[in-house]
Each structure stands twice: as structure tokens, then as C-alpha cells.
Amino acid sequence: MTNPEYGWFVEHADTDSAFLLILRDYTAFVDRVRKRAHEVGHNGDLTELVNHCTYRAIYEQDRFGSMTSI
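Residues numbered from 1 in each chain as written. Predicted model: local features only at pLDDT ≥ 70, side-chain atom pairs only at ≥ 80, totals over all residues. Heavy atoms only, no water.

## Re the overall build of the protein
Helix and strand counts for the protein come out as six helices and zero strands. Counted from the first residue to the last, the protein has its helices and strands arranged as α-α-α-α-α-α. Residue burial in the protein is summarised as follows: out of 70 residues, 26% are buried. Here the analysis covers contacts within the protein between residues at least 6 apart in sequence; of these, 55% occur between residues at least 24 apart. Within the structure as shown, the protein displays about 5200 Å² of accessible surface, and the carbon and sulfur contribution to it stands at 52%. (Helix = DSSP H or I, 4+ residues; strand = E, 2+ residues; numbered from the N terminus. Buried < 20%, exposed > 50% of the residue type's maximum accessible area, 1.4 Å probe, protein only. Contact = heavy atoms within 4.5 Å. Areas by Shrake-Rupley, 256 points an atom, 1.4 Å probe, with all protein chains shown as cover.)

## Focus on the environment of Asn51
Mapped onto the elements, Asn51 comes out in helix H5 (residues 47–59). For Asn51, a relative accessible area of 46% corresponds to the partly exposed category. In this structure the C-alpha to C-alpha distance between Asn51 and Val30, which are 21 residues apart in sequence, comes to 9.1 Å.

## Remarks on the confidence of the model for the protein
Averaged over every residue, the pLDDT of the protein is 81; the share at 70 or more is 79%. Per-element mean pLDDT across the protein ranges from 64 in helix H2 (residues 13–16) up to 91 in helix H4 (residues 26–39). (pLDDT = per-residue confidence, 0-100.)

## Considerations on the pattern of salt bridges
Between side chains of opposite charge, a pair can form when the charged atoms approach closely. Within the structure shown, the criterion is met by two salt bridges. For Arg36, the salt bridge goes to Glu39, with nearest N and O atoms at 3.1 Å. With a gap of three residues between them, Arg36 and Glu39 both fall in helix H4, about one helical turn apart. For Glu39, a relative accessible area of 48% corresponds to the partly exposed category. As a salt-bridge pair, Arg56 and Glu60 come within 3.3 Å of each other at their nearest N and O atoms. On the accessibility criterion, Arg56 (24% relative accessible area) is partly exposed. Classification of Glu60 by relative accessible area gives partly exposed; the value is 23%. (Salt bridge = Lys/Arg side-chain N within 4 Å of Asp/Glu carboxyl O.)

Below, the structure is given as C-alpha cells:
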């Protein structure tokens, strides 16, 4: 297993933060979650998924604070 590119996260912390994206533009956050769900083949009702990701981005920032982890 290769180690994550931590330098990238440091340089792009403001653009990869799910919490900051929610604060700036919630619609963009939802669009990114839906796009990622489509990429991995999850094409059903995405309302529950979006709500789950929103909760985690706000209340579990230590584990799910970045868009990369979502």
C-alpha cells in the first residue's frame, strides 16, 4: 500500500475541505457527492447518501472532513 500524498492535502486544504465547501456552496457539495456516487455505480435515490455525507462532513470532521474521504 502506498502512503497518501500528504503534501497535496496540505496545499489544497481549503479546496478539499467538505465542511468549507458546505459553508461556501451547499449545491456544489451535493453535486460533487452525486457525481462521485455515479462514478462508483450508485445510481439509486441519493437523498439519504447526501444527508449522510453532510452529517459526517459537519460532525465528524476528524475522519470525514475532506471531499477525498467522502
